[in-house]
Amino acid sequence: MINTEAATYYTATKKYELNFPSLEDDIDVDIVVIGGGFSGVNTALELAEKGFTNIALLEARHLGFGGTGRNGGQIMAGIGHDLDKIRKDVGDDGIRRILEISDLGADIIQDRINKYGILADFCHGYGYMGFNARQTRTLRQWEKDFKSLGSKHEIRYLEGSEVRSIIGSDAYQSALLHMGGGHVHSLNLLLGEALALSSYGARIFEFSPAVEITYGDRIKVRTTKGSVTASKLLWACDSFLNRLEPELHRSTINTYAFQCMTEPLSDALIERISPIRGAYSDIRPIIDYYRVTRENRLLFGSATPLLDHIPSDLKAWNRQLMLKIFPYLHDVKVDLAWGGPMACSPNLFPQVGSLPGRPNAFYVQGYSGFGVTPSHIICKILAEGMAEGSPRYDLISSVNRASVIGKDRFRPLICTAGKTWHQVSGYWTGRR
Ligand SMILES: Cc1cc2nc3c(=O)[nH]c(=O)nc-3n(C[C@H](O)[C@H](O)[C@H](O)COP(=O)(O)OP(=O)(O)OC[C@H]3O[C@@H](n4cnc5c(N)ncnc54)[C@H](O)[C@@H]3O)c2cc1C
């Protein structure tokens, strides 16, 4: 079992002390949102910016309790892991449009930070790293793909000794530098967004788990101590949904990711690790990902590559992976390690839409481990769908949401099989 109560880098460096009440009344609103992570807060904020401010947001624990408050803070380009998996749902033109949409993410985050003055330490500079010739070919293709979207940011392919200009490691053959991506303090970003949301008059309730839903023209959500009745509902619980809505529960499967944080390092050491003070990941199907923080720490993240397995010592697990990339950090202490579940969809693309036969009950989930940037894009489009409808919403919600058969009984088996298949397929998708 993973300890979801463990301290994280984010809780230790939180800049906002927000405490919202728990819901203890029966209230009526236009829109109720369940889940206080990026998905719930961002969709609500997008709606509020459009003038839909009569919103109640329910969070079972505290804001950022889920993946949003425990991730690597990596701002990567794109949505989903391999758009070819959804080509049959949206066609070639759909893929092109999703590629264009997916380029918006980092700018949405940057605009949000600027607009509301959020203290989220956005730092530009992302390195996609290649270990071998196959991954090097993929990075060359990504360079063309990223540049074809007309990005205003520097995008530069690097090979051989040039790689050392962005990272202090001999592990890699090639790199693609994307100055549009980077990293962010994910919990401070969320809390700043929540503060912005409440400034529009939307009501946020913490420690208010939804426990029962009655659907209809007016939807009633019962919490442990109160209730909300609303015309529209959004499910945004991702890996913490816990069977509450069986239709959505069936569509994803949880796997786990882990993070560790080193002690503060000297300026010289940080300069050696990351001359650009950026974020990095390799491009294997299941990546290692890391970044420096403003306090000169290195955050190193991973997941188990094949088995559905939670290492008993997360510090030691991440440390041995970190030393493969940066052997000269052997004397550096790891101060903290933590982890959490991530909801994965069968096609590894986020699931967005409304429940069958319930046009006023919307959902978003299943970012498959890649949700910081995608949630900001997807929730902008979801808010369009919830407000007045839009062609972009029609496109994104037309992606198939398959069920995972036997997910509860055979979870470790399905997860292990899925990971193994995902890893093996990397040989022909150019990621291994
Ligand atoms: C260790 C780790 C590292 C990661 N690293 C990265 C990364 O570097 N880059 C990246 O892009 N993505 C990363 N991810 C994935 C990313 O964090 C998630 O995809 C994203 O945060 C999901 O946001 P969300 O709002 O959909 O869900 P969450 O943030 O999980 O929020 C869901 C919320 O719903 C609440 N909830 C559940 N049930 C109820 C209920 N009944 N009533 C009320 N509230 C309820 C939960 O308490 C939770 O707060 C990582 C994930 C993990 C776990």
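Not measured: the values here are computed from a predicted model.

## Here's the deal with the pattern of salt bridges
A side chain with one charge may pair with a side chain of the opposite charge, provided their charged atoms come close.
In step 1: What the rule picks out here adds up to 29 salt bridges.
In step 2: Measuring nitrogen to oxygen at the nearest pair gives 2.8 Å for the salt bridge that ties Arg87 to Asp92.
In step 3: Asp92 gets classed as exposed once you look at its relative accessible area, which sits at 56%.
In step 4: Among the salt bridges present, the one from Asp408 reaches Arg243, with a minimum N-O distance of 3.5 Å. With Asp408 in the loop between α11 (391-397) and α12 (411-429) and Arg243 in the loop between β12 (232-235) and α7 (246-249), this pair connects stretches of sequence that are 165 residues apart.
In step 5: Asp408 gets classed as partly exposed once you look at its relative accessible area, which sits at 42%.
In step 6: Here Arg243 falls in the exposed class, since its relative accessible area comes to 51%.
In step 7: Several salt bridges converge on common partners, so that one network encompasses Glu46, Arg112, Glu193 and Lys380.

## What to know about the state of the cysteines
Disulfides are covalent bonds that connect the sulfur atoms of two cysteines.
In step 1: A complete count under the given rule lists zero disulfides for this structure.
In step 2: Among the cysteines around Cys415, which has no disulfide bond, Cys344 carries the closest sulfur, lying 6.7 Å off.

## Details of the domain arrangement of the protein
For interface size, the figure often reported is the accessible area lost on association.
In step 1: Per the domain assignment, the segments of the protein are domain 1 (1-122 + 184-251 + 346-401) and domain 2 (123-183 + 253-344 + 409-432).
In step 2: Its C-alpha centre places domain 1 at a distance of 25 Å from the equivalent point of domain 2.
In step 3: Between domain 1 and domain 2, the residue contacts involve 41 residues of the former and 46 residues of the latter.
In step 4: Broken down residue by residue, the surface that domain 1 buries against domain 2 is led by Ile2, Tyr9 and Gln74, which jointly contribute 21%.
In step 5: The tally of links between domain 1 and domain 2 comes to two salt bridges.
In step 6: With a closest N to O distance of 3.3 Å, Asp107 and Lys152 form a salt bridge.

## Quick notes on the environment of Ile204
In step 1: Relative to the elements of secondary structure, Ile204 occurs in strand β8 (residues 203-205).
In step 2: For Ile204, a relative accessible area of 4% translates into the label buried.
In step 3: Distance from Ile204 to Ser22, taken between C-alpha atoms, is 8.5 Å for residues 182 residues apart in sequence.
In step 4: Residues contacting Ile204, with those up to four places away along its chain left out, are Phe20, Pro21, Leu57, Leu63, Ala194, Leu197 and Ser198.

## Here's the deal with the site of the ligand
In step 1: Neighbouring the ligand are 35 residues; Ser39, Glu59, Thr68, Gly371 and Val372 lie closest to it.
In step 2: At 3.2 Å, a backbone N or O of Gln74 approaches an oxygen atom of the ligand.
In step 3: The separation between a nitrogen atom of the ligand and a polar main-chain atom of Ala210 is 3.0 Å.
In step 4: In isolation the ligand offers 1,000 Å² of accessible surface; the protein chains occlude 97% of this area.
In step 5: Within the residue set of the shell around the ligand, elements represented by two or more residues are α2 (38-49) and β17 (334-344).
In step 6: No other element matches the three residues that β17 contributes to the shell around the ligand.
In step 7: Residue-level mapping places the shell around the ligand at the junction of two domains, with at least three residues from each of domain 1 (1-122 + 184-251 + 346-401) and domain 2 (123-183 + 253-344 + 409-432).

## What to know about unusual backbone geometry
In step 1: Despite not being glycine, Asp121 shows a phi value in the positive range, around 55 degrees.
In step 2: Following the sequence through the fold, Asp121 ends up in the loop between α4 (105-116) and β5 (123-130).
In step 3: Even without glycine at this site, Phe207 takes up a positive phi of about 45 degrees.
In step 4: Position of Phe207 among the secondary structure elements: in the loop between β8 and β9 (210-214).
In step 5: For Phe207, a relative accessible area of 47% puts it in the partly exposed group.

Cut-off values and rules
Residues numbered from 1 in each chain as written. Predicted model: local features only at pLDDT ≥ 70, side-chain atom pairs only at ≥ 80, totals over all residues. Heavy atoms only, no water. Salt bridge = Lys/Arg side-chain N within 4 Å of Asp/Glu carboxyl O. Buried < 20%, exposed > 50% of the residue type's maximum accessible area, 1.4 Å probe, protein only. Helix = DSSP H or I, 4+ residues; strand = E, 2+ residues; numbered from the N terminus. Disulfide = S-S within 2.5 Å. Domains from an automatic or database assignment. Contact = heavy atoms within 4.5 Å. Buried area = accessible area lost by both parts, 1.4 Å probe. Near = heavy atom within 4 Å. Polar contact = N/O pair within 3.5 Å; in protein donor to acceptor, adjacent residues only side chain to side chain. Areas by Shrake-Rupley, 256 points an atom, 1.4 Å probe, with all protein chains shown as cover.

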